Amino acid sequence: MEGNTVTDILAAATGVSGNLGAVAYGLAAIGPGIGIGLVVGKALEGMARQPEATGLLRTNMFLGIAFTEALALIGLVVGFIFT
């Protein structure tokens, strides 16, 4: 297997030709997209149940969004590294 790269092996195994970095980032963005939806949904649910805790919930919601979005950025970087 001399001269084969990770991209060549993945292309042969999956049958996908072209830029696998785009495919990898598309798959890596699914998780953070679902995660951000859950974070925001639960924060809004908490705000509806306890309006007096809105400030604290909003702050924690934005922190959760930032940490979850970091996963998408890591997926983007990994897509560039392995292509």
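Right above here is the structure, for reference.
Right, let's walk through the structure included here. Since the structure is predicted, the reported quantities are computational estimates derived from the model, not experimental observations.

**Some remarks on the pattern of salt bridges**
Using the criterion set out here, one finds two salt bridges in the structure. For the salt bridge of Glu 45 with Lys 42, the shortest nitrogen-to-oxygen distance reads 3.8 Å. In this pair, Glu 45 and Lys 42 are both assigned in helix α3 (residues 30-49), three residues apart and thus about one turn of the helix distant. Take Glu 45: its relative accessible area is 35%, and that puts it in the partly exposed class. When salt bridges with common partners are traced through the structure, they connect Lys 42, Glu 45 and Arg 49 into a single cluster.

**What to know about the environment of Val 78**
Within the secondary structure, Val 78 sits in helix α4 (residues 54-81). Note: C-alpha distance between Val 78 and Ala 28 (50 residues apart in sequence) is 9.5 Å.

Calculation notes
- Residues numbered from 1 in each chain as written.
- Predicted model: local features only at pLDDT ≥ 70, side-chain atom pairs only at ≥ 80, totals over all residues.
- Heavy atoms only, no water.
- Salt bridge = Lys/Arg side-chain N within 4 Å of Asp/Glu carboxyl O.
- Helix = DSSP H or I, 4+ residues; strand = E, 2+ residues; numbered from the N terminus.
- Buried < 20%, exposed > 50% of the residue type's maximum accessible area, 1.4 Å probe, protein only.

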